[in-house]
Amino acid sequence: MTEGIEKYEVIIGLETHIQLNTNTKIFCSCKADSWDDEPNTNICPVCSGLPGVLPVLNQAVVEKAVLLSHAMDADIPPVSFFDRKNYFYPDLPKGYQITQYDLSVGKGGGIDIPLEDGRVRHVRIHKLHVEEDAGKTRNERNRRLIDFNRCGVPLIEMVTEPDLRSPEEAAQYVIRLRQLVRWLGISEGDMEKGHLRADANVSIRPVGADYLNPKTEIKNLNTIDGLRTAVKAEVERQIAEMEAGGKIEQWTLSWDEQKGELKKMRSKETEADYRYFREPDLLPVVMDDVWRESILLDYPELPLERRARFMETYQLPVYDADVLTAERPLSDYFEAAVKAYGGEPKKISNWVMNDVMRMLNEQSLQPGELKLTPAYLAEIQSLLDARTINGTTAKKVMELVMERGQSPRRIVEAEGLGAVSDEGAIRAICERVVAANPAEVENYKNKPTLMGWFVGQVMRESRGKADAKTAQEILTQLLG
Amino acid sequence: MRDLCLLSVGEMLGGMAAGEFTSQDLTQACLARMAALEPQIHAFLFIDADGAVNAARAADARRAAWRMGDDSLPPLLGLPIAVKDVLMVQGMPCTCGSKILEGFIAPYTATPVQRLLDAGVVIVGKTNTDEFAMGSSTENSAYGPTRNPWNTAHVPGGSSGGSAAAVAARMVPAALGTDTGGSVRQPASFCGVSGIKPSYGRVSRYGLVAYGSSLDSVGVLARSAEDAALVFQHMAGQDAMDATSSDLQVPSYTASLPQNLSGLRIGVPKEYFIDGMQPAVEQRVREAIAQMEALGAQVAEISLPYTSYAVPVYYLIAPAEASANLARFDGIRYGPRETGENLLDVYHHTRGGCFGSEVKRRIMLGTYALSAGYYDAYYGQAQKVRTLMKRDYDKAFEIVDVIAAPVAPTTALRFGQHTDDPLAMYLEDVFTLPANLAGVPGLAFPVGFDTAGLPVGMQLMAKPFNEALLFQTARVFQAQTDWHRRMPEQGG
């Protein structure tokens, strides 16, 4: 723990770039996703900035930005504009980036981020706009290699107000943002592939102060852990600096993920002048009611809303609600099963969080691809409730449903997997087991945990079909 | 045998259709004339003799196939034309008159050029231009100036000076030009040919190397309004590659002509007749207007009060857009790259060494106008005045159908007349800039000569997208006059 930490409040703002999952780039018809492609293979005259070319807006980019704006509770103005941001860099082939400066697709808004202690942090959105990505530069010895594949890949840039108060809150914000963009279907949100990139602005101030101190900016935060660790390290550095009587200067830092180190890139220079002006090659984006309504026609319940509803309506613990709203397809699967079942939702939750998720992982499937449909899962639980099968058989039935895609009831009948719940038959087995194991019967008197062993023997004798609960009742009587 | 080069576009197309001569005959005639006159004129930066002959042969084969029953015959099949060197033609160099694109071969074709190729034209080469179309004389070409065929001591105007001179000297019947602040109309005027600057959005800008994106337009220079219309017809129209191109239907520009101008309301803006303009220019233009009146038009003086702001407004907006448009010429991906100690050095040496002084002047001007702290006073203010200028035109077109005015205050300048005084050169554009700022179409055509025998031009402007009225009016005028038939002795 850093000396003096309790005296300071941590102030964090995040700037995120979200790569949208459109088929084509923002201003040309090149494929947007180049993850598996050789450098400079998804390029054309337009995105590589040849002389004479013009951008033509991909409407899907605007539509995805409208979805996110709506989710952030931002205003969606009827007209927005594109602007040119001018700067020279080899991987920016036009010498300017087409972005949105003052009048963008979304305005204002915010999101409530649930924190681990049950509190909620409201994070206001300072800016939400769409823009084109630049290429990638790689330095190799004394050569500079440029890949233009990423040029023109559509991004949403979203910047928060300085409303986050700890490295963990910053991490939670990105976790929730990632969840949201995947949920809305606007981005794959794969941080390893750079679909979601964050820069953090960090400052500290004495607890109770209402002014802002100079901040530093940490670039290149491409994992949640990296974000958490880097921001924490920077907070500690700033506190140590202040405690030593020093001053915080406006640095730009970069996070080296491999080494786990912050590196100073540059001191604050005079602010770059990007000479923004309206992009004359593109028309204003006119968001009329018809278009907006068509975009929001299938607008989904958002993950945090659904999380709250699952806790409220289904009485799920926070943990379950979080897991079951992490991804929309799984969440939909769960809810379909709950509805088909009609009983206690927690029972379905347990199946989904354990067995269903394991099957999805093992077989790399999406919930919609499972032969174990929500209705079949509900049926298995109903068979259990009716003691037609026991827990052990249920798992076996589940495997068979996955193999065959037949209904659980039909499998139970066809395979004769119905549980032996006839008390007389179970009692006969129990008596046999007790008679055959006098030594264990003797031990049981001092060691009641042996009951499990006896039940196990009965299950074995019955080839797994005996109802475990009935067997235990009878054994308790017999063993006295 | 008659000189095929002297025929009009209509006569050329008709002669090929009738089998009197072939596209190869015509193209060879043009190439021969180019070879003879180029040493004096230097209208071309690139001549594709082999390519043109091959294209002409293909055109002739296609016509032969059509005669045998093939069912499609492109409307301009076999017609030789030239293209200004700021438009991409795949496989041909595109230098924009600049060292910074030396050796650059266009990897794609501009939409208006492609449409003409689809209509059957044969491209003989790329014409000279002021560097990146910045200039009014072609003196700013890095590859040497073009000379005016009427008098080689004079400039042909610019920036489409190569196209104007090539048409005036009858090397080609028509050539593409571009007009950002007068670059089609002013050289047309200086060279005694007809040139259409279309409404903003009428012709796709895709493949035109951008100078001032909100002002740029692609037009045609030809010997007459009718010839220009025949070619322009096949360039106009919406293009999916240009978001600013209009979806308005393209009307026929060569529809049958009325006998006179009866009922046409012509406005003559008083701001276009200024102190210090060459008397012959004013006289010839007023005579032409009087002749139009005699043809039945109603003529009235009008006012376009913001005209005097055109030069300062244009020279903020165009350079501002240019400063961004020309940022891509950094030596990284194409064109020459100078060496340097570091990246910044490479940029400085490449751009500093390869751009000419006028281009650098405008980049500096535009960069300054967009800078933080100056934006509102310059670029922002210029945009506001531009809106007022548009309103000037909107109001004028409530009471008149066309506006008639001189194209430039003078006839063709002598070489070097303004090269040391950029501001005087900028003021030459005062009559052509407003049409670009307002986005209206303009058509320039010859109306006589000054005492030195240099052509005088007049321009007509109309409401946005009413090019048809401009063509029609000029064609009625040209049916009654022969200024457009005069040709320079140099090329005679």
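Our structure's up above, just so we're on the same page.
Quick caveat: nothing in here was measured; it's all calculated off a predicted structure.

### Observations regarding the sheet that holds strand β11 (residues 455–462) of chain B
Residue and element names in this part refer to chain B.
Here comes step 1: The strand order β1-β3-β2-β4-β6-β5-β10-β11-β9-β7-β8 describes an open sheet built from 11 strands, whose pairing is mixed. This sheet does not close on itself; its edge strands, each paired only once, are β1 (44–47) and β8 (298–302). Each strand of the sheet is rotated relative to its neighbour by a mean of 25°, with strand direction disregarded.
Here comes step 2: Relative to strand β10 (residues 442–449), strand β5 (residues 194–197) is paired through three bridges, and the arrangement is antiparallel. When the sheet's bridge partners are listed, K197 is paired in β10 with G442.

### What about the interface of chain A and chain B?
Here comes step 1: Opposite the 31 residues of chain A that make contact, chain B presents 37 residues.
Here comes step 2: Across the chain A/chain B interface, buried area totals approximately 2700 Å², and carbon plus sulfur atoms make up 63% of it.
Here comes step 3: Summed over the shared surface of chain A and chain B, the result is one salt bridge.
Here comes step 4: Between R205 of chain B and D281 of chain A there is a salt bridge, with its nearest N and O atoms 3.0 Å apart.
Here comes step 5: In this assembly, chain A and chain B are joined by 15 residue pairs in polar contact (both at pLDDT 80 or more).
Here comes step 6: Sorting the residues of the side of chain A that touches chain B by element identifies β3 (83–86) and β8 (143–147) of chain A as the ones contributing at least two each.

### Considerations on the nonpolar core
Here comes step 1: Ranked by internal contacts, the top residues of the largest apolar core, which has 197 residues, are L68 and Y173 of chain A together with F132 and M458 of chain B.
Here comes step 2: Top contributing element to this core by residue count: helix α9 (residues 310–325) of chain B, with 11 residues.
Here comes step 3: Sequence-distant contacts of M458 of chain B, that is, excluding residues within four places in its chain, are made with V285, A288, I289, M292, A404, A405, V407, L443, A444, F445 and V447 of chain B.

### So, the pattern of salt bridges
Here comes step 1: Taken as a whole and assessed by the stated rule, the structure comprises 52 salt bridges over all chains.
Here comes step 2: We note a salt bridge from E140 of chain A to R138 of chain A, for which the minimum N-O separation is 2.7 Å.
Here comes step 3: You can call E140 of chain A partly exposed: its relative accessible area is 35%.
Here comes step 4: Among the charged side chains, a salt-bridge network with shared partners connects R84, E279 and D281 of chain A together with R205 and D242 of chain B.

### Considering a nonpolar patch on the surface
Here comes step 1: Judged by side-chain polarity, Y368, Y374 and Y378 of chain B come together as a nonpolar surface patch covering roughly 290 Å² of accessible area.
Here comes step 2: With respect to the helices, strands and loops of the structure, Y374 of chain B is situated in the loop between α11 (357–370) and α12 (376–399).

### Re the side chain of N390 of chain A
Residues and elements named next belong to chain A.
Here comes step 1: Relative to the assigned elements, N390 resides in the loop between α9 (374–385) and α10 (391–404).
Here comes step 2: Among the polar contacts listed, one links the side chain of N390 to the backbone nitrogen of T392, at a separation of 3.2 Å.
Here comes step 3: Within polar-contact distance, the side chain of N390 engages the backbone oxygen of A466 at 2.8 Å.

### Here we look at helix α1 (residues 59–71) of chain A
All names here are of chain A.
Here comes step 1: In this model α1 runs 19 Å from its N-terminal to its C-terminal C-alpha over 13 residues, within 8% of the 18 Å that 1.5 Å per residue would give.
Here comes step 2: V61, V62, K64, A65, V66, L67, L68, S69 and A71 are the residues of α1 that are buried.
Here comes step 3: Between the side-chain oxygen at the start of α1 and the backbone nitrogen of A60 there is a gap of 3.0 Å, and the oxygen is on N58.
Here comes step 4: Phi turns positive one or two residues past the end of α1, at D73, with a value near 60°.

### Quick notes on the sheet that holds strand β9 (residues 154–160) of chain A
The strands making up a sheet associate through backbone hydrogen bonding, with each pair oriented either parallel or antiparallel.
Residues and elements named next belong to chain A.
Here comes step 1: Strand order in this open sheet of eight strands is β5-β6-β9-β1-β10-β11-β12-β13, and the pairing throughout is mixed. Taken across any chain shown, the strands that pair with only one partner, and hence form the sheet edges, are β5 (110–114) and β13 (261–267). Taken pair by pair, the neighbouring strands of this sheet meet at an average axis angle of 30°, ignoring direction.
Here comes step 2: Bridging between strand β11 (residues 216–221) and strand β12 (residues 251–256) involves three bridges; their strand directions are parallel. Bridge assignment links E217 to a residue of β12, and that residue is T252.
Here comes step 3: Of the strands in this sheet, β1 (8–19), β10 (196–206), β11, β12 and β13 are in contact with helix α3 (residues 224–243), which crosses β10 at around 25°.

### Things to note about the packing of α9 of chain A against α10 of chain A
Residues and elements named next belong to chain A.
Here comes step 1: At a minimum axis distance of 10 Å, the contact between α9 and α10 shows a crossing angle of 155°. One way to sum up the angle between α9 and α10 is to call them roughly antiparallel. Of the two possible hands of crossing, α9 and α10 adopt the one that is right-handed. Residue-level inspection shows Y376, L377, I380 and L384 of α9 in contact with α10, the latter providing G391, A394, V397, M398 and V401.
Here comes step 2: Residue classes in the contact of α9 with α10 are distributed as eight nonpolar, one polar and no charged.

### So, the pairing of strand β3 (residues 122–127) of chain B
As a general feature of sheets, a regular strand has side chains that alternate between the two faces.
Residues and elements named next belong to chain B.
Here comes step 1: β3 sits mainly inside the fold: six of its six residues count as buried.
Here comes step 2: Bridge count for β1 against β3 is three bridges, and the pairing is antiparallel. When the bridges of β3 are listed, I47 appears paired with G125.
Here comes step 3: Here strand β2 (residues 80–84) pairs with β3 via five bridges, running parallel.

### Looking at the packing of aromatic side chains
Here comes step 1: Evaluated as defined, the whole model comprises 31 aromatic pairs over all chains.
Here comes step 2: Between F277 of chain A and Y379 of chain B, the ring centres sit 5.7 Å apart and the planes meet at 70°, which makes this aromatic pair edge-to-face. Placement of the pair is F277 of chain A in strand β14 (residues 277–278) and Y379 of chain B in helix α12, with the two residues belonging to separate chains.
Here comes step 3: Assessed through its relative accessible area of 1%, F277 of chain A is described here as buried.
Here comes step 4: Relative to F471 of chain B, the ring of F232 of chain B lies with its centre 5.8 Å away and its plane at 50°, an arrangement referred to as tilted.

Rules behind the numbers
- Residues numbered from 1 in each chain as written.
- Chains lettered and ligands numbered in written order.
- Predicted model: local features only at pLDDT ≥ 70, side-chain atom pairs only at ≥ 80, totals over all residues.
- Heavy atoms only, no water.
- Pairing = 2+ DSSP bridges.
- Helix = DSSP H or I, 4+ residues; strand = E, 2+ residues; numbered from the N terminus.
- Axes fitted to C-alpha atoms, helices over the stretch in contact; angles between N-to-C directions.
- Contact = heavy atoms within 4.5 Å.
- Buried area = accessible area lost by both parts, 1.4 Å probe.
- Salt bridge = Lys/Arg side-chain N within 4 Å of Asp/Glu carboxyl O.
- Polar contact = N/O pair within 3.5 Å; in protein donor to acceptor, adjacent residues only side chain to side chain.
- Core = buried A, V, L, I, M, F, W, Y, C linked by side-chain atoms within 4.5 Å.
- Buried < 20%, exposed > 50% of the residue type's maximum accessible area, 1.4 Å probe, protein only.
- Patch = residues over 30% accessible without salt bridge, like charges linked within 9 Å, V, L, I, M, F, W, Y side chains within 5 Å.
- Areas by Shrake-Rupley, 256 points an atom, 1.4 Å probe, with all protein chains shown as cover.
- Expected span 1.5 Å × (residues − 1).
- Parallel < 35°, antiparallel > 145°, perpendicular 65-115°, else oblique.
- Left-handed = near helix turned anticlockwise from the far one by under 90°.
- Nonpolar A, V, L, I, M, F, W, Y, C, P; charged D, E, K, R; others polar.
- Phe/Tyr/Trp six-rings, centres within 6.5 Å; stacked < 30°, edge-to-face > 60°.

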